Structure formats: C-alpha cells, structure tokens
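Fold and contact review
Take a look at the letters that make up each chain.
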Amino acid sequence: MAGRKKKKADTAKKGNGSIVDLTKELWQAAVQLRGSIEPSDYKRYVLPIIFLRFLSLRYEKRRAELEALIADPNSEYFEDTGVLDEPDEYRSANTFIVPPDARWSRIASEVRGRDDVKVEMDRVLKVMEEAYPERLGGLLPPIYGGSNMDAHDLRALIDLFSKDAFRLGHGEDVIGRVYEYFIGEFASSEGKRGGEFFTPASIVRTLVALLEPDRGTVYDPCCGSGGMFVQSDEFTKHSGRLSFYGQESKDFTWRLCRMNLFIHGIDGKIEMGDTYFADQHPTLKADYVIANPPFNDGSKADKGWGADRLPDKDPRLNFEVTDKNGQQSKPTLSAKNANTMWILHFLHHLAEGGTAGFVMATGELSNSELARLEVRRALIEQDYVDCIVQLPGQLFANTQIPCALWLLSKGRDGKKGTRTRMGEVLFIDGRQLGELIPGSRKQKQFSAEEVERIAAVYQTFRRRGRPEDVPGFCKVADSASIAAHRHALTPGRYVGASLEDDEDEPFDERFPALSAKLEQQFKLSNTLMARVRQVLSGVGSGV
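These notes cover the structure that comes with them. (Residues numbered from 1 in each chain as written. Predicted model: local features only at pLDDT ≥ 70, side-chain atom pairs only at ≥ 80, totals over all residues. Heavy atoms only, no water.)

1. Focus on the overall build of the protein chain
- Each helix and strand counted, the protein chain has 17 helices and 13 strands in total.
- Relative to its 543 residues, the protein chain shows a buried fraction of 52%.
- Intrachain contacts of the protein chain at a sequence separation of at least 6 include 74% that bridge at least 24 residues.
- Here the protein chain displays about 25,300 Å² of accessible surface, and carbon together with sulfur accounts for 50% of that area. (Helix = DSSP H or I, 4+ residues; strand = E, 2+ residues; numbered from the N terminus. Buried < 20%, exposed > 50% of the residue type's maximum accessible area, 1.4 Å probe, protein only. Contact = heavy atoms within 4.5 Å. Areas by Shrake-Rupley, 256 points an atom, 1.4 Å probe, with all protein chains shown as cover.)

In structure tokens, the structure reads:
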C-alpha cells in the first residue's frame, strides 16, 4: 500500500531562536546530571537516549498521519486500520515501526519507574537492534547496566527528553538540532579529543559552499560524526541527488556518524577501519572529497604514523614526483607526518572532473621537509591545486594549530561547466575574518556573509574568470611565481598580507629547523670566540 498517494501532514515550525534556547537549556540540564561519569564518556550515555527519542518521534508522527488518513472519507486509506501495522507504510517515510517495548511512551513511564532501569534500558536498545538488524545492527550496544551511572540520573535524562517541546509537530526538527548541538558541545568539553569526531560548523559550511556538491558521490575517509555529509545534504535541500561514502576508525565515532545520518534522513555507506592501512572503499572514485583529517598525525609518536607499513604497490602511491636528482619516482612518505598520505589518499579517490576540499595544518603549505616538498611541488606542477584558503586562528576549540583549506581539482581543463584554470592558483587569506562565538571568549566562527564572500571569489575563479585582486585578501598567482617562492602555497606571500611568513608553520614543526640553525650559530660563535682570544693573547705578548 506504500505506493498509494497520501496527503502530507503539515509540519509546524518553531522559530530558530527558541530552538537555540531550548538546546542550550537541555545541554545545561544534561551536564548537571553527569554525576560520576567521566566527561569524555558522558556522550556515550546521552546520545543513544536522544536517538531513541528520535525513533519514537518519527514513528509517532507517521502513525498520526496514517490515523488521520484512515479517518478521512476522501482518502484511499479510509477505515483501513491494517495500514497501521504495515512496515512499508513507515519505510516509505524513512522510519520504522518501533516495537512496543522500545517506544518512548513506555520508556518514559514503565522503564523509568523500574528499580532496574539501567538494565531495562539496555534491553530496550537490544529490542531496537534486533528488530532492524540491517539498519541498526551494532548501533545500540548495551551500555547502561554495567556503568557507574546513577539510576536517578538516568531517570532524570529520560524526563529531560520527555519535554512537551518534543511532542509538537516540530519535534523532529528540534531533536535533530539538539543532537548536532550536543555533539558540538561534547567536542568542546573534551578539548583535543573532541576534534576526532567534530569539525566546527563554520568550517564545514565554508567547505561545502566552496565545493557546491549538487549531484554525484561525496566521500569523507575520516568522517567523524558525519557533519560534512549532513551539510552537503542540506546544501542540495535534501534532493537525494547525492550518495555518501565514509570511513571512521573509532567504533563509537562510527556509531555516532550513523546515528547522525539516520536522524537527518540520509543513507550512507559508512564503514569502520583504519584509512591508512584498511581502505574500505578501495575502488571508489568520488565527485567530491570533503574531509578534516587529523593534523600532523604521527609527529608526536616515536614511530610516527606507520608509513613503513604501507606496501610499495599501494595504489594511492601511484603518483609521480621529481626527486632531488631530477628523476621521476613514487613519493617517499614522511615517517613522522601523515599529511602527505592524506593528500594522496584524497587525490586517488577523486573522479575525473571532481574536486577535493579538505582542512590541513598550515605548515603543510610551506614545509621544507623533502618528502613533503616533493609532493607539494608535484601537485602544483601537475595542475591539481585549485585554491588555498588560509583560515584565522581560534576556529577550533580543541587546537591552536593554524590551518588552511585546500581545494584540489581534476577538472581544471574547463570541460565540466567551468573555465580552464591550468597554471593558475587562487589564494585567499582569511586570517582577518571571523568573530567570537557568542558566549565564548576563545573560539571564533565565520559569519554567513564571510562564508559567502570566500565562496563567491572561488566560484568566480572557477566559472567566469580571474577575480579582481584584493590586497590582503585574494589574488590569482601563476605557477611560475609559485615556483619562485619555492613552491610555497602560503596565501600571505601572494596577496600581500602583512603577517610574517614564519607564523604560518606551527612551532613544533619549525622547532627542529630553528634548533639546527641555533646550533650552527653556537658553533660560529665558538669559532669567533677562539679567534678573538687568540688575537688578545697576541696583543698581551706584545705581538
């Protein structure tokens, strides 16, 4: 019966301001209920509850729509109560029939009141997984019964997400916003660890505005909680023209992503595994690659990130560079920094005509380590580098490492609705942009106008012609001038920014070179000191 025409129920909308207020109120209340749970673990207990609430909300909404149609004499469903238990009628609305034992009405009353509420909540999770193993398998493991979470706090969390705001017509909108807000707040509260699963919203919006994903395949090999996918889907107004592929190495973050996509009505093939050594989409060629890989991975580890574990025949290394002897060869990967490996991974998975947009530590723009310089030079000489956007500091709550957006393209020949851009690179310096997030004293964000300004310059460059130079903000440079700057891609060198270039690289990357230079100066100082002593000795002897 799912194929029959149905009338859509109107969905009431709540003003954005009130949703924002509600999400903040819920967050503050949830934090108060953390009790003895470690801050880094708390999300594991809160987010599944939000997810269960969402499943019930969507089920209740669809059931109410069907009940209205059954009562409508003008509907084909009139008096056909059998549709209430027909799975296809729910599947067509991207939801499930929630088993009676897992419905929120039961959770908020019977489950909440039980002495063994923690054990019973685990059983609820199991009931949902077993009912829909293909969609929910592995997503809701038992976590409450064996935890040190206080039963009183669990009951209070159930009360928190039973608020009247979730029962109204806009309940799904609210729960989606709450889920996203909670992910961001958990990331901020966890500091550096939070960056493993969350990219600040204004950076995601900027990348999506630059890429303009309209139709085709979107790939993120380090997808975290899936924010890149959600924003890409929103960009197309949920048109269904995009397909999503991702990979995540951490079990909980993988589940977090799948729940996030589910809440936003997005189907995606999200696999778990280490992208370096177990590429789960080895044959994928994507129209859009969009990612925020870990910055400078391996730089703090004694054995680096594991470059020596990659086989020589790894297809991602089929990329020719020119070595110091002028010979063509495969790239030699930096043992202590995986940035280059990520770049090669993105390029390998990019389809002809496609574009990759990703976040990278700013040091990669000008680093002089031979292995990394060779790859950067080859990317420029082989005409893959399309645009570099240097970001202001403080956009990330969890790291002070300055970063930039890279756009690599396999469509710079002008064959897919864009102009020919061979031999040109657009540089945008956004270090003077951004404003403090309201209520924060340390984290910045781009305004909507700033995102639009950056994107507009790039879209002009891609489609219409070289944009006008704006001193201190943007300039198109040719490959010859980039070569003259030792293939450095730091926007400040081209747009005329006043900030010093040595601020472009993080201190931990500059330190070895600075230390070596200081050692040379010490040696020179000792040599000069010996000569001065020799001269003074001669003077004292009457020479």
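That covers the picture; the talk isn't over yet.
2. Comments concerning the packing of aromatic side chains
- All told, the structure shown has 19 aromatic pairs when counted by the stated rule.
- Taking the centre distance of 5.3 Å and the plane angle of 35° together, the rings of F96 and F262 count as tilted. Of this pair, F96 sits in the loop between α3 (87-91) and α4 (104-113) while F262 sits in helix α11 (residues 251-263), and the two are 166 residues apart along the sequence. Here the two residues F96 and F262 agree in accessibility, since each one is buried.
- Each member of the aromatic cluster is reached from another via a ring pair, and the members are Y276, F277, W305, W342, F346, F358 and W406. (Phe/Tyr/Trp six-rings, centres within 6.5 Å; stacked < 30°, edge-to-face > 60°.)

3. Considering the pairing of strand β2 (residues 242-248)
- Along β2, five of the seven residues are buried, which leaves the element largely enclosed by surrounding structure.
- Where strand β1 (residues 216-220) lies against β2, five bridges are found, and the strand directions are parallel. What sits directly across from G216, in β2, is L242.
- Crossover connection from β1 via helix α10 (residues 227-235) to parallel β2: handedness right-handed.
- Here five bridges tie β2 to strand β3 (residues 268-272), and the two strands are oriented parallel to one another. (Pairing = 2+ DSSP bridges. Right-handed = clockwise from strand over helix to strand, strands pointing away.)

4. Remarks on the environment of I290
- Considering the arrangement of structural elements, one finds I290 in strand β4 (residues 286-291).
- The exposure class assigned to I290 is buried, which follows from its relative accessible area of 1%.
- Ignoring any residue separated from it by four or fewer positions in sequence, one finds I290 in contact with L207, V208, L211, V218, Y219, D220, M228, S232 and G357.

5. Here we look at the pattern of salt bridges
- Following the criterion strictly, the structure yields 30 salt bridges and no others.
- One salt bridge connects R412 with D386, and the closest N-O pair in it is separated by 2.6 Å. Of this pair, R412 sits in the loop between β9 (403-409) and β10 (424-429) while D386 sits in strand β8 (residues 385-390), and the two are 26 residues apart along the sequence. Taken individually, R412 and D386 each receive the classification buried, so the pair is uniform in this respect.
- Among the salt bridges present, the one from K475 reaches D469, with a minimum N-O distance of 3.0 Å. (Salt bridge = Lys/Arg side-chain N within 4 Å of Asp/Glu carboxyl O.)

6. Some words on the sheet that holds β10
- Strand order in the open sheet made by the nine strands is β3-β2-β1-β4-β7-β9-β8-β10-β13, with mixed pairing throughout. Looking at the sheet topology across the chains shown, the edges are occupied by β3 and β13 (474-478). In this sheet, neighbouring strand axes are inclined to one another by 15° on average, regardless of whether the strands run parallel or antiparallel.
- With five bridges joining them, β4 and strand β7 (residues 350-361) adopt parallel strand pairing. Paired with I290 across the bridge in β7 is G357.
- Seen against the sheet, helix α12 (residues 339-348) touches β1, β4, β7 and β9 and runs at an angle of roughly 155° to β7. (Axes fitted to C-alpha atoms, helices over the stretch in contact; angles between N-to-C directions.)

7. Quick look at α11
- Between its first and last C-alpha, α11 extends 19 Å over 13 residues, near the 18 Å set by a 1.5 Å rise per residue.
- For α11, the buried fraction is high: twelve of the 13 residues fall into the buried class.
- What α11 keeps buried is the set F252, T253, W254, R255, L256, C257, R258, M259, N260, L261, F262 and I263.
- Two residues or fewer past α11, G265 is found with a positive phi of approximately 70°. (Expected span 1.5 Å × (residues − 1).)

8. Here's the deal with the side chain of T355
- Here T355 shows up in strand β7.
- According to the relative accessible area criterion, T355 is buried, its value standing at 8%.
- Once you skip the residues sitting within four places of it in the chain, T355 turns out to touch L211, D287, Y288, V289, L350, L407, L408, S409 and Y458.

9. What to know about helix α9 (residues 201-211)
- Burial within α9 is extensive, with nine of its eleven residues counted as buried.
- Just beyond α9, the residue with positive phi is E212, at close to 50°.

10. Quick notes on the environment of L373
- Relative to the elements of secondary structure, L373 occurs in helix α13 (residues 370-381).
- Separated by 113 residues in the primary sequence, L373 and R486 place their C-alpha atoms 8.9 Å from one another.
- Ignoring any residue separated from it by four or fewer positions in sequence, one finds L373 in contact with N367, S368, R486 and H487.

11. Structural notes on unusual backbone geometry
- For H238, which is not glycine, the phi torsion reads 55° and is therefore positive.
- Tracing the backbone shows H238 in the loop between α10 and β2.
- Its identity is not glycine, yet Q394 carries a phi of approximately 75°, on the positive side.
- Take Q394: its relative accessible area is 28%, and that puts it in the partly exposed class.

12. Some remarks on the packing of helix α5 (residues 117-131) against helix α7 (residues 151-160)
- Remark: α5 packs on α7, axes separated minimally by 9 Å, with the N-to-C direction vectors making an angle of 50°. Overall, the two elements α5 and α7 adopt an arrangement that is oblique. On the side of α5, the interface is formed by V117, K118 and M121, while α7 contributes A151, L154, R155 and I158. (Parallel < 35°, antiparallel > 145°, perpendicular 65-115°, else oblique.)

13. Digging into the pairing of β7
- Burial within β7 is extensive, with ten of its twelve residues counted as buried.
- Pairing of β7 with β9 involves seven bridges; the strand directions are antiparallel. Bridge pairing in β9 links T355 to S409.

14. What about the nonpolar core?
- Of all hydrophobic cores here, the largest spans 62 residues; its most connected members are M121, L157, F161 and F182.
- Among the secondary structure elements, those contributing two or more residues to this core are α1 (16-32), α2 (39-70), α4, α5, α7, α8 (171-189) and α11.
- Broken down by element, the residue count for this core peaks at 15 residues, all from α2.
- Setting aside chain neighbours within four positions, we find M121 in contact with I49, L52, I107, V111, Y144, L154 and I158.
- The next biggest cluster of nonpolar side chains, apart from the first, holds 45 residues, and it includes V230, L391, L426 and F473. (Core = buried A, V, L, I, M, F, W, Y, C linked by side-chain atoms within 4.5 Å.)

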